[in-house]
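Observations on the model geometry
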Amino acid sequence: MTPMSTSDTPGTRLDPWFDSYAARAHRMRASEIRALFSVASRPEVVSLAGGMPYIGGLPLEELGAMAQRLIVEQGEVALQYGSGQGDEGLREQITQVMALEGISAHPDDVVVTTGSQQALDLVSTIFLDPGDVVVAEAPSYVGALGVFRAHEADVVHVPMDADGLIPEALDRTLGELASAGRRVKFLYTVPNFHNPGGVTLTMERRPQVVEICQRHGVLILEDNPYGLLGFDSEPLPAMRSLSEDGVIYLGSFSKTFAPGYRVGWAVAPHAVREKLVLASEAAILSPSNASQLAIRAYLEHFDWQGQIKKFREQYRDRRDAMISALEEHIPEASWNVPDGGFYVWVKLPEGLDAKSMLPRAVTARVAYVAGTAFYADGQGRDYMRLSFCYPTPERIREGVRRLATVIDAEMETVRIFGTGGEPPSDSVDFPSPDLA
Ligand code: PMP
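Keep in mind that what you see is a predicted model, and the values were worked out from it rather than measured.

On to the overall build of the protein chain, then. Helix and strand content of the protein chain: 13 helices and 14 strands. Here the protein chain has a C-alpha radius of gyration of 22 Å; the compact-globule value for 436 residues is 22 Å, and the two agree. Within the protein chain, the proportion of its 436 residues that are buried is 54%. Pairs at least 24 residues apart make up 75% of the contacts formed inside the protein chain by residues separated by at least 6 positions. Accessible surface computed for the protein chain: about 19300 Å², of which carbon and sulfur atoms make up 51%. The distance from the centre of the 39 positive side-chain charges to the centre of the 58 negative ones in the protein chain is 3 Å.

This next bit is on the sheet that holds strand 7 (residues 219-223). Taken in spatial order, the 8 strands line up as 2-9-8-7-6-3-4-5 in an open sheet, and their pairing is mixed. A strand with exactly one partner marks an edge of an open sheet, and here the two such strands are strand 2 (110-113) and strand 5 (164-165). Two strands pair when backbone bridges link them, and strand 7 and strand 8 (residues 247-252) are joined in this way by 4 bridges, in the parallel orientation. Residue Glu 222 lies in a different strand from strand 8, and its bridge partner there is Tyr 249.

Further remarks concern the sheet that holds strand 13 (residues 369-370). In any sheet, the strands associate via hydrogen bonds between backbone groups, in a parallel or an antiparallel arrangement. Read from one edge of the open sheet, 4 strands run 10-11-14-13, paired in antiparallel fashion. Unpaired on one side and paired on the other, strand 10 (334-335) and strand 13 mark the two borders of the sheet. Note that strand 11 (residues 343-347) and strand 14 (residues 383-387) share 5 bridges and pair antiparallel. Pairing of Val 346 across the sheet is with Met 384, part of strand 14.

To continue, consider the nonpolar core. Most often, soluble globular proteins have nonpolar side chains that are buried together. By size, the foremost hydrophobic cluster in this structure holds 82 residues, and its most contacted members are Phe 253 and Tyr 368. Ranked by residue count, the leading element in this core is helix 11 (residues 304-329), at 9 residues. Once residues lying within four places of it in the same chain are set aside, the contact partners of Phe 253 are Leu 90, Ile 94, Val 97, Ala 258, Val 263, Trp 265, Ile 295 and Leu 299.

To continue, consider the side chain of Asp 87. Residue placement: Asp 87 occurs in the loop between helix 3 (60-78) and helix 4 (88-99). A polar contact is formed between the side chain of Asp 87 and the backbone nitrogen of Gly 89, at a distance of 3.0 Å. For Asp 87, the side chain forms a polar contact with the side chain of Arg 296, separated by 2.8 Å. Not counting the four nearest positions on each side in its chain, Asp 87 is found in contact with Val 112, Gln 292, Leu 293 and Arg 296.

Not every one of the 14 residues close to the ligand is listed here, only the nearest: Ser 116, Asp 223, Tyr 226, Ser 252 and Ser 254. At 2.6 Å, a side-chain N or O of Asp 223 approaches a nitrogen atom of the ligand. Note that an oxygen atom of the ligand is positioned 2.8 Å from one of the side-chain N or O atoms of Arg 262. In terms of residue count, the dominant contributor to the shell around the ligand is helix 5 (residues 115-127) (3 residues).

Moving on: unusual backbone geometry. Peptide bonds are mostly trans, and most non-glycine residues show a negative phi. That bond from Ala 138 to Pro 139 is cis: its omega, 0°, falls within 30 degrees of zero. Position of Pro 139 among the secondary structure elements: in the loop between strand 3 (133-138) and helix 6 (142-150). The phi angle at Leu 285 is positive, at roughly 65°, despite the residue not being glycine. On the basis of relative accessibility, which here comes to 53%, the residue Leu 285 falls in the exposed class. In the Ramachandran plot, Arg 365 falls in the positive-phi region, its phi being about 65° despite a non-glycine side chain. Turning to its location among the elements, Arg 365 is positioned in the loop between helix 12 (354-363) and strand 12 (366-367).

Take the side chain of Arg 205 next. Structurally, Arg 205 is set in helix 8 (residues 205-216). At 2.9 Å, the side chain of Arg 205 forms a polar contact with the side chain of Asp 161. Other than its neighbours up to four places away in sequence, Arg 205 contacts Asp 161, Asp 163, Gly 164, Leu 165, Ile 166 and Pro 167.

Thresholds applied
- Residues numbered from 1 in each chain as written.
- Predicted model: local features only at pLDDT ≥ 70, side-chain atom pairs only at ≥ 80, totals over all residues.
- Heavy atoms only, no water.
- Helix = DSSP H or I, 4+ residues; strand = E, 2+ residues; numbered from the N terminus.
- Rg over C-alpha atoms; globule rule 2.2 N^0.38 Å.
- Buried < 20%, exposed > 50% of the residue type's maximum accessible area, 1.4 Å probe, protein only.
- Contact = heavy atoms within 4.5 Å.
- Areas by Shrake-Rupley, 256 points an atom, 1.4 Å probe, with all protein chains shown as cover.
- Lys, Arg positive; Asp, Glu negative; His and termini not counted.
- Charge placed at Lys NZ, Arg CZ, Asp CG, Glu CD.
- Pairing = 2+ DSSP bridges.
- Core = buried A, V, L, I, M, F, W, Y, C linked by side-chain atoms within 4.5 Å.
- Polar contact = N/O pair within 3.5 Å; in protein donor to acceptor, adjacent residues only side chain to side chain.
- Near = heavy atom within 4 Å.

Structure follows, in structure tokens:
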């Protein structure tokens, strides 16, 4: 069937089906990160924008041989449909991975998903009605905000400090929402090496957050892709290890191994787990057997913990390169020094606007993500997220040096005119984050 012509339907010139979309489709926006990818991935641009792991650090030859063996020797299973809940052998191994963070789970509790991103979507599908509230850290992972928006939920932010989510602020916000008659469905939290905040929820605060949510009858959605990527310390116990009934835990192989296989997982209270499997079967029938068996073979035949140790060292070197470059070139800004993960969260000098400055940064061949991407309510213009996971230390230093020239020029404009310059219209082919 061909779309009706624009003369048959109001629609728009570009999209004749505009008026047919569900309300939730109108709420969908390209993430500011996605819009950046097309520009930031040009080789001449140093991208401090995306959270892409350093795949070059993996033993690619051996992984290639493993993938070939998998198809030749187990192709009849690897290339077939599989179980909706995920491969049982992999679920067993996942319980061993989670044991490193103090979680004791049975393979039956685990649902394998297509990255933890799909798990975010499944949890939202089974819990969120339009107008429900999700409480989340300020700032929050942009991909989660997109999922919550697509499910027509309202996100209410709770502040963090250097020790992570602030328990008193959480308690107060949940109290106020209850008094206002709002239905809070869950707290979305990234307790370790936060994306984008870089901070980790302290050991002391973890039971406090669990207790507060329990008292208010609010489920916790613990999203933990970075927990094993601490630079100097052993992993802290997951919130799931403190409360089995009150926490849905999400894990992923994307950052500790490779995102290309798209394998993550959810661990949930028993009844919730049933619903997750049903929702996943409705969405995708079953997660990829080929990917799951590849991860299984990797965990079985490779020194995966040794690989994580190597990643931690590589990422620590990159973090150090970024912090020392910031100290040298942009001392007027402030930032936290993350103990793990991929991100530094930078507060710009007074009067600067990361969003409007972005096209000028890309013209200077450096990319970052403006802080506004990480809030549901338009805050964050004075922040930017810098990722140190992908570029080499040398490129990181060069990227920060380029960024410094843009910030210096911007500060000069602010000094003279009292506000930053407008985005230049002709200097760079830069897709608007709201459209691309
Ligand atoms: N949660 C967080 C906090 C993330 O940073 C990411 C990836 N950037 C994801 C979830 C999704 O990861 P994946 O789907 O690759 O497991």
